[in-house]
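# A closer look at the structure
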Amino acid sequence: MTATERMTQAQVAALLGWGRDKVRRLTANGTLPALTDPETGRPYYLRTTLTAWARRMGELHAERGAA
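Residues numbered from 1 in each chain as written. Predicted model: local features only at pLDDT ≥ 70, side-chain atom pairs only at ≥ 80, totals over all residues. Heavy atoms only, no water.

Now for helix α2 (residues 20-28). Listing the buried residues of α2 in full gives V23, L26 and T27. Taken end-on, α2 shows its buried residues confined to a sector of 100°, consistent with a single buried face. Opposite its buried face, α2 presents the exposed residues D21 and A28, each directed more than 90 degrees away. Where the residues of α2 are buried, they touch α1 (9-16) and β3 (43-46). (Buried < 20%, exposed > 50% of the residue type's maximum accessible area, 1.4 Å probe, protein only. Helix = DSSP H or I, 4+ residues; strand = E, 2+ residues; numbered from the N terminus. Arc of directions from axis to C-beta. Contact = heavy atoms within 4.5 Å.)

What follows is the structure in structure tokens.
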């Protein structure tokens with residue numbers, strides 16, 4: 001895992017165009033895929049996982065709109 005793959009909540013918020021509170025909320029309720037740093041207990045995110053998740057959410061949204 002490279003450092004560029006690992007993202008903080010602030011970086012995720014900027015990537016997705018959301019506020020940090022929304023990222024925190026979606027992480028807490030399990031909507032947003034996150035891992036926990038064993039040393040700090042803080043969540044972190046993998047860019048590849050997030051982009052796949054966002055792509056899938058877009059596909060689901062498109063499917064619902066077409067139905």
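Having seen it, we continue.
This part takes up the side chain of D37. In this fold, D37 is placed in the loop between β2 (35-36) and β3. Of the residues examined, D37 reaches a relative accessible area of 13% and is grouped as buried. Side-chain polar atoms of D37 contact the side chain of R6, separated by 2.4 Å. With near-sequence residues (within four places) excluded, D37 lies in contact with R6, R42 and Y44. (Polar contact = N/O pair within 3.5 Å; in protein donor to acceptor, adjacent residues only side chain to side chain.)

This is a description of form; function is not addressed.
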